[in-house]
Amino acid sequence: MLVGSPKVRMPPGPRGPAALNTLRLVQRPVESMIGWRRRYGDIFTVRLLVFGTGVYVSDLDEIKAMFTGDQSSLRAGEANAPLAPVLGSRSVLILDGPEHLRQRRLLLPPFQGSAVERFREVIAEVAEAEVARWSVGDRFRMRDRMRELTFEVIVRAVFGVTDPARIERLRSALVAVIDSQAVLLVPGALRRDLGGVGPWAAFQRRKRAADALLYEEIEHRRRDDDLGERSDVLSLLLRARDEDGRPLSDAELRDELMTLLLAGHETTATSLAFAFDLLPRHPRVLARLRDELAGGGADYLGAVVSETMRIRPVLDAAERTLTEPRTVCGWDLPAGIRVYPAILAVQHRPDLYPEPGRFRPERFLAEDPPPYAWIPFGGGIRRCIGAALAQAEMAEVIRTVVERVDLEPVRPEPEPVVIRGITMVPRHGTPVRVARITG
Ligand code: HEM
């Protein structure tokens, strides 16, 4: 069976051309996904530019099967291959199969819940320093402030760097590489040095500069007398051994550091920007959050984080490519197509979340949602490695900000959600004004 062959019957979905579907999805992802699911049900097909034909699934049993069942006919790394020039070919995001599992097993321990608790102090310190720089009347885009903050958290918690000059050097070199992702659209034939001119050559120069710093950090840490006692992620990775007793090579370490930085900082910053769009527009939620924090409780804070990620997930869907035909919700899908566990559509299902469009953190206090109904971090052997860190970071930053300042949205309307690159973001970056310093 081949995609596009007349014999293949695909689940119904929007009939428009790929360009129109893509435009709708990019400009109004929330409305499009919810509307398509309402119209076509728990499985629907969408043709998109660049990504091709894909099938979105919001049936919980099918999602569970995709996340936790036999993975031999599902590929997740393949879809990230365009990021290889930035991340490197040994990145956990790019690999599939046994090589992916080896990297993942080495990377996971420093990100497990108990290990992440150690980073709360670093996060709170970075957040307090950020808020201390704000004055009444300041206006800024929260997403910009949060990008700087999450970057610093990654560099301190993951790389273990605390010297401000070194953080700044790393920041400018790494941001230069990450921000040049547009260069990845340069077609293969033009990916040449061309005598040192052109966008590809400039990208390669920025990458060499960033790599030199990363290798310097790796070398510096390897020689650190305290390596055995240090708890930052790089030190833990330097000490890690796989089942055969092999450590990560320097090249693998470089690729994973870049991966953690890329996967971990924008996503968390965007999620925080959504939180700070929602909170000031829901005064009752904000008041309850402050009350509970003042009383020493943190349950409601956790619920605010969960509800923000439910109503405004950063990724509209996880992604798997079928290497063999597979039956999903009764449809025989051909090899080669992409199947998307539909994070956004699932998290807006009215049968799972009554009044799904309302921001109501209380819903997470009464009971946990059913398995696979809350999946902002994906699932199974590809589940986000940084999930515990991201949630701790969101909670600590939200706590610090609401305890210290009153923020006012600059725009009267809630932020429209749009897709930029592959993530959903608040269109204007959540512009806010500092109305009052309270703590
Ligand atoms: C709010 C913040 C974040 C969100 C919404 C998010 C979301 C996701 C999602 C949806 C996936 C794909 C899961 C799947 O396909 O099943 C993923 C993978 C990943 N994330 Fe995150 N993430 C966040 C923060 C972080 C942080 C802080 C880090 C690390 C410091 C991180 C590192 C990774 C890595 C390494 C993977 C690849 C895992 C694999 O392929 O095995 N993420 N993330």
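Coordinates for the structure precede this section.
It should be emphasised that the depicted structure is a prediction, and the values quoted were computed from it without experimental measurement. (Residues numbered from 1 in each chain as written. Predicted model: local features only at pLDDT ≥ 70, side-chain atom pairs only at ≥ 80, totals over all residues. Heavy atoms only, no water.)

1. Observations regarding the sheet that holds strand E1 (residues 43-48)
(1) Moving on: Spatially, the five strands line up as an open sheet ordered E1-E2-E8-E5-E3, and their pairing is mixed. On the outer flanks of this sheet lie E1 and strand E3 (74-75), each paired with one strand and no other.
(2) Moving on: Where E1 meets strand E2 (residues 52-57), six bridges bridge the pair, whose relative direction is antiparallel. Directly across from Arg47, in E2, lies its bridge partner Thr53.
(3) Moving on: Sitting on the sheet, helix H1 (residues 18-27) touches E1 and E2, and the angle it makes with E1 is about 105°.
(4) Moving on: Packing of helix H2 (residues 29-40) onto the sheet brings it into contact with E1 and E2, and relative to E1 it is tilted by some 130°. (Pairing = 2+ DSSP bridges. Helix = DSSP H or I, 4+ residues; strand = E, 2+ residues; numbered from the N terminus. Contact = heavy atoms within 4.5 Å. Axes fitted to C-alpha atoms, helices over the stretch in contact; angles between N-to-C directions.)

2. Quick look at the site of the ligand
(1) Moving on: Surrounding the ligand, one finds 29 residues, the nearest of these being His100, Arg104, Arg320, Arg382 and Cys384.
(2) Moving on: Here an oxygen atom of the ligand sits 2.7 Å away from a polar atom, N or O, in the side chain of His100.
(3) Moving on: At a separation of 3.0 Å, an oxygen atom of the ligand approaches a polar backbone atom of Gly379.
(4) Moving on: Only helix H5 (97-107), helix H12 (250-278) and helix H17 (387-404) provide two or more residues apiece to the shell around the ligand. (Near = heavy atom within 4 Å. Polar contact = N/O pair within 3.5 Å; in protein donor to acceptor, adjacent residues only side chain to side chain.)

3. A look at the environment of Leu170
(1) Moving on: With respect to the helices, strands and loops of the structure, Leu170 is situated in helix H9 (residues 164-178).
(2) Moving on: Overall, the relative accessible area of 1% leaves Leu170 in the buried class.
(3) Moving on: On a C-alpha basis, the gap between Leu170 and Asp211 in space is 9.9 Å, while along the polypeptide they are 41 residues apart.
(4) Moving on: Discounting chain neighbours no more than four positions away, the residues touching Leu170 are Phe151, Val155, Phe159, Val161, Val175, Leu213, Leu214 and Glu217. (Buried < 20%, exposed > 50% of the residue type's maximum accessible area, 1.4 Å probe, protein only.)

4. Quick word on the packing of helix H7 (residues 120-132) against H17
(1) Moving on: Direction vectors running N to C along H7 and H17 enclose 35°, while the axes themselves pass 9 Å from each other. The handedness of the crossing between H7 and H17 comes out as right-handed. From H7, Arg120, Ile123, Ala124, Ala127, Glu128 and Val131 reach across to H17, where they touch Leu389, Ala392, Glu393, Ala395, Glu396, Val397, Thr400, Val401 and Arg404.
(2) Moving on: Looking at the contact of H7 with H17, its residues break down into nine nonpolar, one polar and five charged. (Left-handed = near helix turned anticlockwise from the far one by under 90°. Nonpolar A, V, L, I, M, F, W, Y, C, P; charged D, E, K, R; others polar.)

5. Observations concerning the sheet that holds strand E12 (residues 431-437)
(1) Moving on: Pairing within the open sheet is antiparallel, and its three strands lie in the order E4-E12-E9. Edge positions in the open sheet fall to strand E4 (139-141) and strand E9 (405-409), since each of these has one partner strand only. For this sheet the average axis-to-axis angle between neighbouring strands, irrespective of direction, equals 40°.
(2) Moving on: The sheet contact formed by E4 and E12 spans three bridges and is antiparallel. Within the sheet, the bridge partner assigned to Arg141 lies in E12 and is Pro431.
(3) Moving on: Taken strand by strand, helix H8 (residues 142-157) contacts E4, E9 and E12, and its axis lies near 70° from that of E4.
(4) Moving on: Along the sheet, H17 makes contact with E9 and E12, crossing E9 at roughly 95°.

6. Quick look at unusual backbone geometry
(1) Moving on: Phi is positive for Glu355, which is not a glycine, with a value near 50°.
(2) Moving on: With respect to the element layout, Glu355 can be found in the loop between helix H15 (343-347) and helix H16 (363-366).
(3) Moving on: Assessed through its relative accessible area of 46%, Glu355 is described here as partly exposed.
(4) Moving on: A positive phi angle is found at Thr430, which is not glycine, with a value near 55°.

7. Structural notes on the packing of aromatic side chains
In this description, an aromatic ring pair is defined by two values, namely the gap between the centres and the angle between the planes.
(1) Moving on: Throughout the structure, instances matching the rule amount to eight aromatic pairs.
(2) Moving on: Summarising the aromatic geometry, the rings of Phe67 and Tyr372 are spaced 6.2 Å apart at their centres and angled 40° between planes, so their arrangement reads as tilted. Of the two residues, Phe67 is situated in helix H3 (residues 60-68) and Tyr372 in the loop between H16 and H17; the sequence distance between them amounts to 305 residues.
(3) Moving on: Ring centres 4.8 Å apart and planes at 45° place the aromatic pair Trp134 and Phe140 in the tilted group. For the pair formed by Trp134 and Phe140, the shared burial category is buried. (Phe/Tyr/Trp six-rings, centres within 6.5 Å; stacked < 30°, edge-to-face > 60°.)

8. Considerations on the nonpolar core
(1) Moving on: The biggest cluster of nonpolar side chains holds 110 residues, and the ones touching the most others in it are Phe159 and Ile398.
(2) Moving on: Per element, the largest residue contribution to this core is eleven residues, and it comes from H12.
(3) Moving on: Not counting residues up to four positions away in its chain, the partners in contact with Phe159 are Ile154, Leu170, Leu174, Leu214, Arg221, Asp232, Leu234 and Leu257.
(4) Moving on: The next biggest cluster of nonpolar side chains, apart from the first, holds 17 residues, and it includes Leu25, Val46, Tyr56 and Phe274. (Core = buried A, V, L, I, M, F, W, Y, C linked by side-chain atoms within 4.5 Å.)

9. Considering the pattern of salt bridges
(1) Moving on: Overall, the coordinates contain 45 salt bridges when judged by the stated rule.
(2) Moving on: With its nearest N and O atoms 3.8 Å apart, the salt bridge here joins Glu148 to Arg145. Of the two residues, Glu148 and Arg145 are both situated in helix H8; the distance of three residues between them amounts to about one turn of the helix.
(3) Moving on: The shortest N-O distance in the salt bridge between Asp224 and Arg230 comes to 3.2 Å. (Salt bridge = Lys/Arg side-chain N within 4 Å of Asp/Glu carboxyl O.)

10. Description of the pairing of strand E11 (residues 423-426)
(1) Moving on: Neither face of E11 is open: one carries Thr423 and Val425, the other Met424 and Pro426, and all of them are buried.
(2) Moving on: Sheet analysis places strand E10 (residues 417-420) next to E11, joined by four bridges and oriented antiparallel. Within E11, the residue paired with Arg420 across the bridge is Thr423.
(3) Moving on: Taking the residues between adjacent antiparallel strands as the criterion, E10 and E11 are bridged by two residues, where Gly421 takes a positive phi near 65°.

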